[in-house]
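# Observations on the model geometry
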Amino acid sequence: MTRKRTLQRWNTEDAAELYGIRNWGAGYFDVAETGDVVIRPFGNKNSVGVSIPQVIEGMRQRGLDMPVLLRVENILDSQISLLHKSFRKAITSLGYNGEYRGVFPIKVNQQQQVIETIAKFGSRYHHGLEVGSKAELFAAMSQLRDKEACLICNGYKDEEFIDLGLFITRMGYKCFFVVEMPRELDLIIQRAKHMGVRPYIGMRAKLASKANGHWTDSGGDRSTFGLTATQIVDAVDTLREKDMLDCFRLLHYHLGSQVSNIRDIRKAVMEASRMYAGLVKEGATMGYLDLGGGLAVDYDGSRTNYISSRNYSLDEYCSDVVEAVMATLDESGAPHPHIITESGRATVAYYSLLLFNVLDVSRIESGDEKDLPEVAEDAPEATRNMLQALQGMTLRNLQESYNDAIYYRDEIRQQFLHGKVSLRERTVADRIFWTMIKRIAQEKTRAPHPPKDLAEIDLALADIYYGNFSVFQSLPDSWAIGQMFPVMPVHRLDECPTRQAILSDITCDSDGRIQTFIAPHGVKNTLDVHPLKEGEEYYLAVFLVGAYQETLGDLHNLLGDTNVVSIRVNEDGTYEFVREIPGDSVADVLSYVEYDPRRIVEDLRKLAENAVQEGHITPTERFALMQAFEDGMRGYTYYER
Ligand SMILES: *Cc1c(COP(=O)(O)O)cnc(C)c1O
């Protein structure tokens, strides 16, 4: 049911519907009657809510500038719990004999604070970690506490990597080496013999099953990593020969990330389970089946198999997976393995949101009928024709009028290039042009079948809202692969948003934009926003940015890491700022690209001293100047008010 949106009757329920917050928010975000977006960290409708504008106010009082990446610790806690509870529910209700073991893949968000928080909240479920490189292994090793939790080592491993893992194994931790390439196995066998350790060995299978999506090249026959069925059987022979078949404990695969169709998930689980059963028959010890990542996030809230969504719930995922493993293994009489998943995206996406203020707005100002300019008798012919087209416009000839407008505008521009039309004459034509476009945009909403071509008009007429953030730094997937994230204002939602806008960041790069937004029935190119108020900040948030966005970001225009603030909400709705990490300073980002900030200041000092010598400034002015330089170097890389 869609409500009729009118200025008088607008209320916060309309806002919730317009932005789809209850579809993509997973119960964690909602619109309150005050018009504020609230965080409901305990994930249900009637639990306490924390107003985002109030959190922003708290940050401002503490001197933290926008943009800020806000992390809500409780949401991470809740997501880990949900994953384990859903699997437990499926395991109990189906009578499955194995257990569930989750691991968090470090690459999805490597920040120390995130890994520490996951280790803390995950400890009651033996939640482990997955690593793909030596550096990630060190990060994981710093969190080792639980001997029941799994440490999964994927990625191509050299001798040093393997030795580190063997030390961990010797200390009594469950460290699995997942063989990605046939040659790795020899090195593992050799190092294990040398160190006298019985390793836990896993094999990554290349499945024939595939999924569709941006990130799913990891699955299927052509995936870069993993062993074919033949190579796995060869590995079994090698291990048997070396008397190490008992070390073969785990079968792994990874279909790719954001697998939006449950059918693809089920097919892959079935194929892997068959393979697992075959390995048990071959005499391998086994015991663990690792399904990798892929559990998707419903970014657009549509609950479909669209790329930014998923057509299944967490409960369905868990019960489908457990059921498929069970059915396949029962058929072959093999015991049920422990099931591991490496869910990264679904674990952390909800936990972070990017907050920023709007710095400025660019609007197409002309085009109101009342400021239609006088057209002189001797005005260029194209201008007069355009005016005539405007006067002759009806509901029936919208497309034709649009074509005329474009045609005559182009003609005027041509003549301007050749010096036949003056600057002022061009402006007159431009104003008539925008009046026509605005009128067409209005009229087409009344036309029963508006021509399809005219859809682009709305985008051409949209305001540009300039946000204090960098798409390249904070939303790299939005820029690189067109990933959609939910975006909306976080306050004033009791007012009808009367403007349509696209969002530009402050890099002034034409790619530094967001122009795909979630609409009630699909996507659209503009965002509904409120007009700015004089002397008042306007805040927007990009939600669900906890996965993959933090370290993929780059230093385009030398805009650095944003401030990061973590809050923890108590049962009664009060909250604490548990951690603040200041973003990069100007000096920080300069040093990343190999400048020496001290030398820059030194050079500036010389410049200033010369200016004193030449009498341009006084020594006291030099002092003030140097202070300004030094403050600037220590300052935030974003726009500071
Ligand atoms: C990236 C990756 C994951 C994480 O996938 P998500 O879809 O984020 O859960 C898990 N396992 C492996 C091997 C990966 O490469």
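Above this text is the structure in question.
Now for a look at the structure at hand. Keep in mind that this is a model prediction, so the values were computed, not measured. (Residues numbered from 1 in each chain as written. Predicted model: local features only at pLDDT ≥ 70, side-chain atom pairs only at ≥ 80, totals over all residues. Heavy atoms only, no water.)

### Some points on unusual backbone geometry
Here is the rule: Accessibility here uses a 1.4 Å probe with only protein chains present; expressed as a share of the type maximum, an area under 20% marks a residue as buried, one over 50% as exposed, and anything in between as partly exposed. Numbered from the N terminus, helices here are DSSP runs of H or I no shorter than four residues, and strands are runs of E no shorter than two.
The omega torsion across M66 and P67 is -5 degrees, close enough to zero to call that bond cis. The backbone of D243 sits at a positive phi, close to 60 degrees, despite the residue not being glycine. Its relative accessible area of 61% is what places D243 among the exposed residues. Of note, the phi angle at L544 is positive, near 65 degrees, even though the residue is not glycine. Within the secondary structure, L544 is located in the loop between strand 21 (539-542) and helix 19 (549-552). Relative accessible area serves as the criterion here: at 0%, L544 is assigned to the buried category.

### Things to note about the environment of L227
Mapped onto the elements, L227 comes out in the loop between strand 9 (200-204) and helix 9 (229-241). Among the residues examined, L227 registers a relative accessible area of 1% and is labelled buried. Considered as a pair, L227 and F176 are 51 residues apart in the sequence and their alpha carbons are 16 Å apart.

### Some details on the sheet that holds strand 1 (residues 29-31)
Our working definition: Pairing between two strands is assigned when DSSP locates at least 2 bridges connecting them.
Strand order across the open sheet formed by three strands is 1-2-3, with antiparallel pairing between neighbours. Each of the sheet's edge strands pairs with one partner strand only, and the pair in question is strand 1 and strand 3 (50-51). Two strands pair when backbone bridges link them, and strand 2 (residues 37-39) and strand 3 are joined in this way by two bridges, in the antiparallel orientation. What sits directly across from V38, in strand 3, is S51.

### Describing the environment of L18
Within the secondary structure, L18 is located in helix 1 (residues 12-19). When the C-alpha atoms of L18 and R439 are compared, they prove to be 25 Å apart, with 421 residues separating the residues in sequence.

### Re helix 11 (residues 314-332)
For clarity, the threshold we go by: Any helix carries an expected span of 1.5 Å times its number of residues minus one. The contact definition used throughout considers only heavy atoms, calling two residues in contact when any of these lie within 4.5 Å.
The end-to-end C-alpha distance of helix 11, which contains 19 residues, comes to 28 Å, matching closely the 27 Å that a straight helix rising 1.5 Å per residue would cover. Residues of helix 11 that are buried include every one of L314, Y317, C318, D320, V321, V322, A324, V325, M326, T328 and L329, and no others. Where helix 11 is buried, its residues meet helix 4 (73-94), helix 10 (262-281), strand 11 (288-290) and strand 12 (338-341). Positive phi shows up at G333, right after helix 11, with a value of about 75 degrees.

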